[in-house]
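Structural overview for review
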Amino acid sequence: MSNMILRKSLVVGPAVLGASLLVSGTGIAAPITTTEFSTIPQPAATEFSPVTQDSGVINQVNNYSNEGGENTILSQVTSVSDFHEVKPTDWAFQALQSLVERYGCITGYPDGTYRGNRVLTRYEFAAGLNACLDRVNELIATATVDMATRQDLAVLERLQEEFSAELATIRGRVDSLEWRTSELEANQFSTTTKLSGEAIFAVTDTFGDRVGDNNNGVFQNRVRLGLHSSFTGRDILTTSLVSGNSNNFDLGNDGQLPAGADGLPAIAKSGEGMQTFNIGNSGANNVEIDRLTYQTPLGRGQVYLAAHGGKHSHYAPVNNPYFADGTDGGNGALTTFAAQSPIYRIGGGAGLAYTLPLGEGGPSNSSVTVGYLGSEPNDPSLGSGIFQGNYGALGQFNINLGDRVALAATYVRGYHGTGSAIFDSGSNAKLDPFGASPSPRPIVGTTVANYGGINNQTGDRSPFSTQSYGASAAFRPSEKLSISGFVSYTDVEGSGDNDNSEIWSYGAGIALPDFGRRGNVLGIFAGAQPHAFDRVQGLDKIPYQVEGFYKHRISDHISVTPGVIWMTNSAQNGNNEDVFIGTVRTTFNF
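Below: a short report on this structure.

Thresholds, definitions, all that
- Residues numbered from 1 in each chain as written.
- Predicted model: local features only at pLDDT ≥ 70, side-chain atom pairs only at ≥ 80, totals over all residues.
- Heavy atoms only, no water.
- Phe/Tyr/Trp six-rings, centres within 6.5 Å; stacked < 30°, edge-to-face > 60°.
- 1 Å grid on protein atoms, 1.4 Å probe; cavity = no way out; pocket = protein on both sides within 12 Å on 5 of 7 lines; lining within 4 Å.
- Points joined across faces, edges and corners; volume = space filled by probe spheres on them.
- Nonpolar A, V, L, I, M, F, W, Y, C, P; charged D, E, K, R; others polar.
- Pairing = 2+ DSSP bridges.
- Helix = DSSP H or I, 4+ residues; strand = E, 2+ residues; numbered from the N terminus.
- Patch = residues over 30% accessible without salt bridge, like charges linked within 9 Å, V, L, I, M, F, W, Y side chains within 5 Å.
- Areas by Shrake-Rupley, 256 points an atom, 1.4 Å probe, with all protein chains shown as cover.
- Salt bridge = Lys/Arg side-chain N within 4 Å of Asp/Glu carboxyl O.
- Core = buried A, V, L, I, M, F, W, Y, C linked by side-chain atoms within 4.5 Å.
- Buried < 20%, exposed > 50% of the residue type's maximum accessible area, 1.4 Å probe, protein only.
- Expected span 1.5 Å × (residues − 1).
- Arc of directions from axis to C-beta.

This part covers the packing of aromatic side chains. Per the counting criterion, the structure on display carries 15 aromatic pairs. An aromatic cluster is built from F323, F337, F486, F525 and F549, whose rings are joined through pairwise contacts.

Structure below.
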């Protein structure tokens, strides 16, 4: 019997040792691989779940490690039945029974468990292997008969030759893993930071008698690179760089104004028809800082701190799935209007926000979000700074009914200096004293709606404030259908005469996820761009917009999105012809 034990031990021992080294080598390389962060930038509701998942994995590994520590006392068992969780139906029951009852080299935990599904540490492997080898040596030393014969040695030599190729392969794989692990450890980018990016190639053109004559087809780009750093496993510091060369189309108004509109800027310089890849770039491929924000749990809620490039949509749910991709990303709708409600475009820059959950569990989960973003926080001059310059202060009540319905009621209080645009996301789109085109432009809406504080009789300009009210909803009746929409109202109060106005905007969309293939999205969105009535004679029509797009997923990192944008009554002018914009957008995520 001892001969058989010796022979099996010598044959199986090298293979077990090689396999164990292979598993442990893989375990060394594993911590270098990090959970992929979402494409930059993303709303707080989805952006930080990977960090929490990382934290859970780390805690689980620590627990496993503690189980095998020096304070855990392992006890010898004499029968496999001593392990109360091991069942005869388990796939390794026979092997475990043999090691326990025939060789006596398996130990268990004091609570009578074997824990066969838990992670094996290198210390535990060494202890178990040593116990089995000691048992084999004991059997050999106490044996008085049936020692190994020449025939047994011949069998061992033959088995060793037969398995020589497999053993050599295992040794080669272990050596390769050790080398790759050393390379990764020596050259890894960071243990706390994840690099992600997005590159957009877009071919787009306009169609229509006047707008077609005023524009040519273009090939434009935008690139975003983001560094996402976590220091506690639950927080995240986002540093984003952006570069692009896109410029907006002239919608065909030629800067002509109807009678009585002498005080307003050129009507063509608006945010209508603007696409998401037009946002956040200089138009000349210059590299700029797009976002510098930090988010971390505080108490029961989540705090958001923006030093530059802060947006309300970073921390407040916009309730527009499949149309909104983070903040003007390249995987949702084509236009800024279809991506999110215009109310989230009021204000931006630097500031602070906090989201507090009001309850968990049950049929609904609700929370309250408050935030303040100033557009001129770095300017110490009079009329600027954190609290004296342009700003947007947001309050929002969020409620989720299960995982099918999401609702939000939003209020934004804004202040805007002379010549400032309302829906500019803190980019400080302003008019020069001569009424020329603003730079940069508003993000969404008509010129008549965006530029308040202008006397509609004399054209005099003054600072003005806004109070905006909005509601948004998203409904997912099935995994293949999503319906969402919004409505917003803004009351503009100027500090001069004849400069008050009211602004309306609304829209709704239907998205069909996984249409034709997993990861594809077919979307249609229609509504009215932000517009204001009773300000300029002749400019009182509703500027409707309809957008249709189909995102075709080529791979996990590449998608192609063709789409068409149709606009009527551009610049609120009923005499303007319909405008069509066709776009083919290719997005690379990495």
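Our focus in this paragraph is empty space enclosed by the protein. If you walk through the whole model with that rule in mind, you get 4 cavities of 30 Å³ or more. For the largest cavity, the calculated volume is near 80 Å³. Residue lining of the largest cavity: 12 residues in total, with N248, F249, E272, G273 and M274 positioned closest to the centre. Looking at the lining of the largest cavity residue by residue, the class counts come to 5 nonpolar, 5 polar and 2 charged.

Here the focus is the pairing of strand 18 (residues 579-589). Bridging between strand 3 (residues 193-207) and strand 18 involves 10 bridges; their strand directions are antiparallel. When the bridges of strand 18 are listed, E198 appears paired with N589. One ladder, built from 10 bridges, connects strand 17 (residues 558-567) with strand 18; its direction is antiparallel. Across the sheet, residue P562 finds its bridge partner in strand 18, namely V584.

Time to look at a nonpolar patch on the surface. Taken together, the side chains of F189, L195, V223, L225, L227, L241, V287, I289, L292 and F590 present a nonpolar region at the surface, about 860 Å² in accessible area. Elements with a contribution of two residues or more to the nonpolar patch: strand 4 (218-229) and strand 6 (288-298). Broken down by element, the nonpolar patch gets its largest block of residues, 3 residues, from strand 4. Within the fold, L195 resides in strand 3.

Inside soluble globular proteins, nonpolar side chains tend to come together where they are buried. In terms of nonpolar packing, the biggest core is built from 40 residues, with Y315, I422 and I503 touching the most fellow members. Listing elements by their share of this core, those giving two or more residues are strand 7 (301-310), helix 10 (336-339), helix 12 (447-450), strand 13 (481-494), strand 14 (501-513), strand 15 (521-532), strand 17 and strand 18. If you tally residues by element for this core, the top one is strand 15, at 3 residues. Counting residues in each nonpolar core, the second largest holds 8 residues, with V77, V80, F93 and L96 among its members.

Attention shifts here to the pattern of salt bridges. Evaluated as defined, the whole model comprises 9 salt bridges. A salt bridge links D328 to R345, with the shortest nitrogen-to-oxygen separation between them at 2.9 Å. A residue pair is termed long-range when its members are at least 10 positions apart, and D328 in the loop between helix 9 (312-315) and helix 10 and R345 in the loop between helix 10 and strand 8 (349-359) qualify at 17 residues. Classification of R345 by relative accessible area gives buried; the value is 2%. Close ionic contact of R404 with D403 constitutes a salt bridge, the shortest N to O distance being 4.0 Å.

This part is about helix 6 (residues 150-162). Taking 1.5 Å as the rise per residue, helix 6 with 13 residues should run 18 Å; its terminal C-alpha atoms sit 18 Å apart, in good agreement. By the burial criterion, the buried members of helix 6 are D152, L156 and L159. Buried residues of helix 6 fall within an arc of 65° about the axis and therefore sit on the same side. Exposed and facing more than 90 degrees away from the buried side of helix 6 are R150, Q151, E157 and E161.

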